[in-house]
Amino acid sequence: MRSTPTLRGMDRARWIVVGMDFSDGAQRALEHAIRLARSSGARVAVVHAYEDTAETTRAMEDRAPLLTTQLQDAVAGTNASRHGVHVEHFVRRGAPWEKLQNVAVEVGADLIVVGATGQRGVAAVGAVLGSVVFRVIASSTRSVLISRPPFDRARSVEPYEST
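This report concerns the structure included in the present document. Just so we're clear, the structure is a prediction, and the values are computed from it rather than from any experiment.

Rules of the game
- Residues numbered from 1 in each chain as written.
- Predicted model: local features only at pLDDT ≥ 70, side-chain atom pairs only at ≥ 80, totals over all residues.
- Heavy atoms only, no water.
- Helix = DSSP H or I, 4+ residues; strand = E, 2+ residues; numbered from the N terminus.
- Buried < 20%, exposed > 50% of the residue type's maximum accessible area, 1.4 Å probe, protein only.
- Contact = heavy atoms within 4.5 Å.
- Areas by Shrake-Rupley, 256 points an atom, 1.4 Å probe, with all protein chains shown as cover.
- Expected span 1.5 Å × (residues − 1).
- Salt bridge = Lys/Arg side-chain N within 4 Å of Asp/Glu carboxyl O.
- Pairing = 2+ DSSP bridges.
- Axes fitted to C-alpha atoms, helices over the stretch in contact; angles between N-to-C directions.
- Core = buried A, V, L, I, M, F, W, Y, C linked by side-chain atoms within 4.5 Å.

## Things to note about the overall build of the chain
In step 1: Looking only at helices and strands, one finds 6 helices and 5 strands in the chain.
In step 2: Secondary structure elements of the chain, listed N to C terminal, follow the sequence β-α-β-α-β-α-β-α-α-β-α.
In step 3: In the chain, which comprises 163 residues, the share counted as buried stands at 36%.
In step 4: Considering only intrachain contacts with a sequence separation of at least 6, the fraction spanning at least 24 residues in the chain is 71%.
In step 5: Taken as a whole, the chain presents about 10,300 Å² of accessible surface, with 51% of it coming from carbon and sulfur.

## Comments concerning the environment of Ala 116
In step 1: On the secondary structure map, Ala 116 appears in the loop between strand 4 (111-115) and helix 4 (119-122).
In step 2: Exposure remark for Ala 116: the relative accessible area of 2% places this residue in the buried category.
In step 3: C-alpha separation for the pair Ala 116 and Gly 25, spaced 91 residues apart in sequence, amounts to 6.3 Å.

## Details of the side chain of Gln 101
In step 1: Here Gln 101 shows up in helix 3 (residues 96-107).
In step 2: Those residues in contact with Gln 101 that sit more than four places away from it in its chain are Ile 112, Val 136, Ser 139, Ser 140 and Thr 141.

## Overview of helix 1 (residues 24-40)
In step 1: The first and last C-alpha atoms of helix 1 sit 24 Å apart over 17 residues, in line with the 24 Å expected at 1.5 Å per residue.
In step 2: Residues Gly 25, Ala 26, Ala 29, Leu 30, Ala 33, Ile 34 and Ala 37 constitute the buried set of helix 1.

## A look at the pattern of salt bridges
Opposite charge on two side chains makes pairing possible when the charged atoms of those side chains draw close.
In step 1: Counting across every chain of the model gives 2 salt bridges.
In step 2: A salt bridge links Arg 14 to Asp 110; the nearest nitrogen and oxygen atoms lie 3.5 Å apart. Here Arg 14, found in the segment before strand 1 (15-19), pairs with Asp 110, found in the loop between helix 3 and strand 4; they are 96 residues apart in sequence, far enough to count as distant.
In step 3: A salt bridge links Arg 92 to Glu 106; the nearest nitrogen and oxygen atoms lie 3.1 Å apart. Here Arg 92, found in strand 3 (residues 87-93), pairs with Glu 106, found in helix 3; they are 14 residues apart in sequence, far enough to count as distant.
In step 4: Since its relative accessible area comes to 48%, Glu 106 is described here as partly exposed.

## Some remarks on the sheet that holds strand 1
In step 1: As summarised here, the arrangement of the 5 strands in space is 3-2-1-4-5, forming an open sheet in which the pairing is parallel. If you trace the sheet from one side to the other, it starts and ends with strand 3 and strand 5 (143-147), each paired once. On average, each strand axis in the sheet is tilted by 25° relative to the strand beside it, whichever way the strands run.
In step 2: Relative to strand 5, strand 4 runs parallel, the two being bridged by 5 bridges. Bridge pairing in strand 5 places Ile 112 opposite Val 144.
In step 3: Running at roughly 170° to strand 1, helix 1 makes contact with strand 1, strand 2 (43-50), strand 4 and strand 5 of the sheet.
In step 4: In this fold helix 5 (residues 131-139) packs onto strand 4 and strand 5, with an angle of close to 160° to the strand it touches most, strand 5.

## Structural notes on the nonpolar core
The nonpolar side chains of a soluble globular protein tend to be buried with one another.
In step 1: Of all hydrophobic cores here, the largest spans 20 residues; its most connected members are Val 18, Leu 30, Val 44 and Val 46.
In step 2: The set of elements that each furnish at least two residues to this core consists of strand 1, helix 1, strand 2, helix 2 (57-76) and strand 4.
In step 3: Counting residues per element, this core draws most heavily on helix 1, which supplies 6 residues.

Put into structure tokens, the structure is as follows:
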């Protein structure tokens, strides 16, 4: 019986991309991505994307090192290093949904993990999902996992009770 030869060291690294806007939802998404990476042997790409206007372009470019430090701090608050999960940080200028897609293509990610709501979603009272999540889902060529808050915190109204 003839077997197919395998090339050692030629396996493609598995990646999970996670969006980080420093909200509670994004932190939960990061922790979820790290748990998945730990169990699957994948690497994690943490992406923070910022949009700017003509007035803020220079100020935001100067903030890139600070944003990278914030990403490192967010990862340090998890158990990634203790469990040997490789994490890389990406700070990109542009629409968050586009930059998540760009990084996913760049690293060859299989999965994008996003929080159900983040900084944009907070403004929409009663919103279940944020606008970035909708756009990621609508435009993604990768699988998307939505990391939701715990059930008791996700409910905004009392359950219906029959009489």
